[in-house]
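Commentary on secondary and tertiary structure
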Amino acid sequence: MITLKDVQDAEERIRHIAHVTPILQSGQLSKLCGNHLFLKSEHLQKTGSFKIRGASNKVINAVENGGKYVTTASSGNHGQAVSYVANNYGIPATIVVPENVSACKVNAIRAYNGKVEVCGTTSKERLPRAQAIANKENGVYIPPYDDPFVMAGQGTVGLEILNQVENIDAIIVPIGGGGLISGILTAIKETNPKIKVIGVEPYSAKDTYLSLQNKKITAFPATTIADGLRTSQPGDLTFPVLMKYLDDLVLVSEEEIRQAFSFVMERMKQLIEPSSATTIAAAMFNKLNVQDKNIVTVISGGNVDLGKIHQYIGNTM
Ligand SMILES: Cc1ncc(COP(=O)(O)O)c(C=O)c1O
């Protein structure tokens, strides 16, 4: 298990790379949700998502230990982040992506000089491929979520939130493989355990929900529009952190994600990813069952294929 100290060390290590992202608010959104909403805006983060935090913590550690080449498997955001950091440190990176990856994510990986290899559609196919390339070419594999350095790096989102928002009642976090939420859980629960941390998954990607119900890692084939959350099961390292600390996990529908995406774009003029819109959807559709509370929703990224936006639009409220 990672500790608060690991997250604090990560904050120190990545300070020169990752932005401290702003907290945005909308009176209309808070009114609609019946709570005071604070949006932790990682869509305004370097490379367009929180992934730069874990990726830089791990890549810098690899470079410090003599690493000269890195690989990873990613639906896009982690791949962008790894190629950005590797490029910054002057080492090559190979990113294994799924066949249905967004064009904008591949373009960004290439723009950071990352080499792209396409492999299958599931993380079960991609992960071993990226590991095999690293083994063959004497590189370091940078896992997308199931790694102590990656988890600790993502946890720096939690430390920043504690500095930026007072009297927090709950933090809502999207769950893919669980790297982001396990880091945030460690930072929050080891600092102020009274703050509730609530995970969100789409119904159509409810692997962690099922795993928590079954008290063991359970796979579920994901089909959601929230492409960052299409991981088929939680990680071996992330899952125990969720079992230990998570207060609740709520599920949102594809239409609820679309309506949240549309609200944020139309009213707040922010372009966020469907994966991030899940946290707004949880608040908008009263999945949290609370009123008048201070709720932080983690807007995890904003990398969207512009040609696909019409698929993400729902009715606005
Ligand atoms: C935008 C976005 N949000 C959330 C997640 C989920 O993060 P994790 O896999 O660490 O749970 C991802 C993962 O790719 C993502 O890209």
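Residues numbered from 1 in each chain as written. Predicted model: local features only at pLDDT ≥ 70, side-chain atom pairs only at ≥ 80, totals over all residues.

What follows concerns the packing of helix α7 (residues 148–164) against helix α8 (residues 179–189). Their axes nearest at 7 Å, the elements α7 and α8 cross at an angle of 60°. In terms of their interaxial angle, α7 and α8 are classed as oblique. Every pair of crossing elements has a handedness; the one defined by α7 and α8 is right-handed. For the pair α7 and α8, the contacting residues are V150, M151, A152, G153, Q154, G155, V157, G158 and L159 in the first and G179, L180, S182, G183, I184, T186, A187 and I188 in the second. (Axes fitted to C-alpha atoms, helices over the stretch in contact; angles between N-to-C directions. Helix = DSSP H or I, 4+ residues; strand = E, 2+ residues; numbered from the N terminus. Parallel < 35°, antiparallel > 145°, perpendicular 65-115°, else oblique. Left-handed = near helix turned anticlockwise from the far one by under 90°. Contact = placed C-beta atoms within 7 Å.)

Take A219: it is sitting in the loop between α9 (207–214) and α10 (238–245). In sequence terms A219 and T231 are 12 residues apart; their C-alpha atoms lie 9.0 Å from each other. For A219, the residues in contact, after removing those within four places along its chain, are D207, S232 and Q233.

The strand order β1-β2-β10-β7-β8-β9 describes an open sheet built from 6 strands, whose pairing is mixed. Looking along the sheet, the strands with just one partner apiece sit at the ends: β1 (23–24) and β9 (248–252). Along the sheet face, α8 touches β7 (170–174) and β8 (196–202) and points at about 160° away from the line of β7. (Pairing = 2+ DSSP bridges.)

With that settled, consider the environment of G48. Within the secondary structure, G48 sits in the loop between β2 (36–41) and α3 (51–64). With 113 residues separating them along the chain, G48 and I161 place their C-alpha atoms 18 Å apart. When neighbours within four sequence positions are excluded, G48 is seen to be in contact with H43, G301, G302 and N303.

A separate point is helix α12 (residues 274–284). Most of α12 is tucked away: 11 of the 11 residues are buried. Of all the residues in α12, the buried ones are P274, S275, S276, A277, T278, T279, I280, A281, A282, A283 and M284. In the segment just after α12, N286 is the residue with positive phi, at about 55°. (Buried ≥ 20, exposed ≤ 12 C-beta atoms within 10 Å, placed from the backbone.)

Further remarks concern the domain arrangement of the chain. With domains assigned, the chain is organised as domain 1 (4–49 + 147–312) and domain 2 (51–141). Relative placement of domain 1 and domain 2: their C-alpha centres are 22 Å apart. At the junction of the two partners, domain 1 supplies 28 residues and domain 2 supplies 23 residues. Those elements that place two or more of their residues in the side of domain 1 that touches domain 2 are α1 (4–14) and α7. (Domains from an automatic or database assignment.)

So, about helix α6 (residues 123–136). Relative to the 20 Å expected for 14 residues at 1.5 Å per residue, α6 spans 20 Å between its end C-alpha atoms, a close match to the ideal helical length. All buried positions along α6 are accounted for by S123, R126, L127, A130 and I133. Seen along its axis, α6 keeps its buried residues to an arc of 130°; they face one direction. Exposed residues on α6 whose side chains face more than 90 degrees from its buried face are N135 and K136. Against β3 (70–73), β4 (93–97) and β6 (140–141) lie the buried residues of α6. (Expected span 1.5 Å × (residues − 1). Arc of directions from axis to C-beta.)

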